[in-house]
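Given next are the chains, with one letter for each unit.
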Amino acid sequence: MSRRRSPSSREQRQAKLRTGSQTNNSIPTTSCQPANVFSFLERDFAEIIFEIRDGGADGRLSTKNCARKTIIFRNETKLHVTEYVTPDGWIDYYYYDWVTPEGKTILKWHSEPHDTDKRYQTVTEPYHIHLPSSEILHNMYRLSNFEHQTLRSIIEFILLFDKIMSSFHGYFPYRQKKS
């Protein structure tokens, strides 16, 4: 008689996402997404993507279970992509880190859950955005991420941001009021 192993938390999370069950009733969870085909992204966003290289920010290359890529944009910013992929080809969780040419964080879109410490959670758990370290009060601060949960939507955001900034010659005309 063989013993059946119980599903891991990752497998349980995937099952919830695939069946559309929600961990937080305030927002619907999206279904798991298939692993990205980087050649399609490079083709579809040729206007903004200069090159996609294998390897992440830490220099490690992609493996069977983890895609690590660096997308270099024509404006010289980079998007470091790390996608952990299930054996059947679905993205389990990801880290998409947008940085300046000097390597300083612009924004980070992450989807790893913070199951053990509720202080780290957002209403869109597991999806959240990290601001540049100069803008955060402490490591627990994250923004909810309702819309930009796929690599394609994030590249579209970067494309739009680049076009807006170009139209204002790099100086966005918005000024925050001093309190």
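Above this text sits the structure in question.
Residues numbered from 1 in each chain as written. Predicted model: local features only at pLDDT ≥ 70, side-chain atom pairs only at ≥ 80, totals over all residues. Heavy atoms only, no water.

**Student:** How should the overall build of the protein chain be read in this particular structure?
**Tutor:** Summing up its helical and strand segments, the protein chain has three helices and seven strands in all. Along the protein chain, from the amino end to the carboxyl end, the secondary structure elements read α-α-β-β-β-β-β-β-β-α. In the protein chain, which comprises 179 residues, the share counted as buried stands at 38%. Excluding contacts between residues fewer than 6 apart, the proportion of contacts in the protein chain whose partners are at least 24 apart in sequence is 36%. Per element, the accessible surface of the protein chain, about 11800 Å² overall, is 53% carbon and sulfur. (Helix = DSSP H or I, 4+ residues; strand = E, 2+ residues; numbered from the N terminus. Buried < 20%, exposed > 50% of the residue type's maximum accessible area, 1.4 Å probe, protein only. Contact = heavy atoms within 4.5 Å. Areas by Shrake-Rupley, 256 points an atom, 1.4 Å probe, with all protein chains shown as cover.)

**Student:** Explain the layout of surface pockets here, please?
**Tutor:** Over the atoms a probe the size of a water molecule is rolled, and this reveals where empty space is left. Considering only enclosed or pocket space, the largest pocket measures out at about 480 Å³ in volume. Taken together, 12 residues form the lining of the largest pocket, with I106, L107, P132, F161 and M165 sitting closest to its centre. For the lining of the largest pocket, the elements supplying multiple residues, two or more each, are β5 (105–110) and α3 (151–167). If one sorts the elements of the lining of the largest pocket by residue count, α3 sits on top with four residues. When the residues that make up the lining of the largest pocket are grouped by side-chain class, the tally is eight nonpolar, two polar and two charged. (1 Å grid on protein atoms, 1.4 Å probe; cavity = no way out; pocket = protein on both sides within 12 Å on 5 of 7 lines; lining within 4 Å. Points joined across faces, edges and corners; volume = space filled by probe spheres on them. Nonpolar A, V, L, I, M, F, W, Y, C, P; charged D, E, K, R; others polar.)

**Student:** Would you take a moment to explain the sheet that holds strand β7 (residues 143–144) for this structure?
**Tutor:** Strands belonging to one sheet form pairs held by backbone hydrogen bonds; the direction of such a pair is parallel or antiparallel. What the seven strands build is an open sheet, ordered β1-β2-β3-β4-β5-β6-β7; its pairing is antiparallel. On the outer flanks of this sheet lie β1 (49–54) and β7, each paired with one strand and no other. Two strands pair when backbone bridges link them, and strand β4 (residues 91–99) and β5 are joined in this way by five bridges, in the antiparallel orientation. Note that in β5 the partner of W98 across the bridge is L107. (Pairing = 2+ DSSP bridges.)

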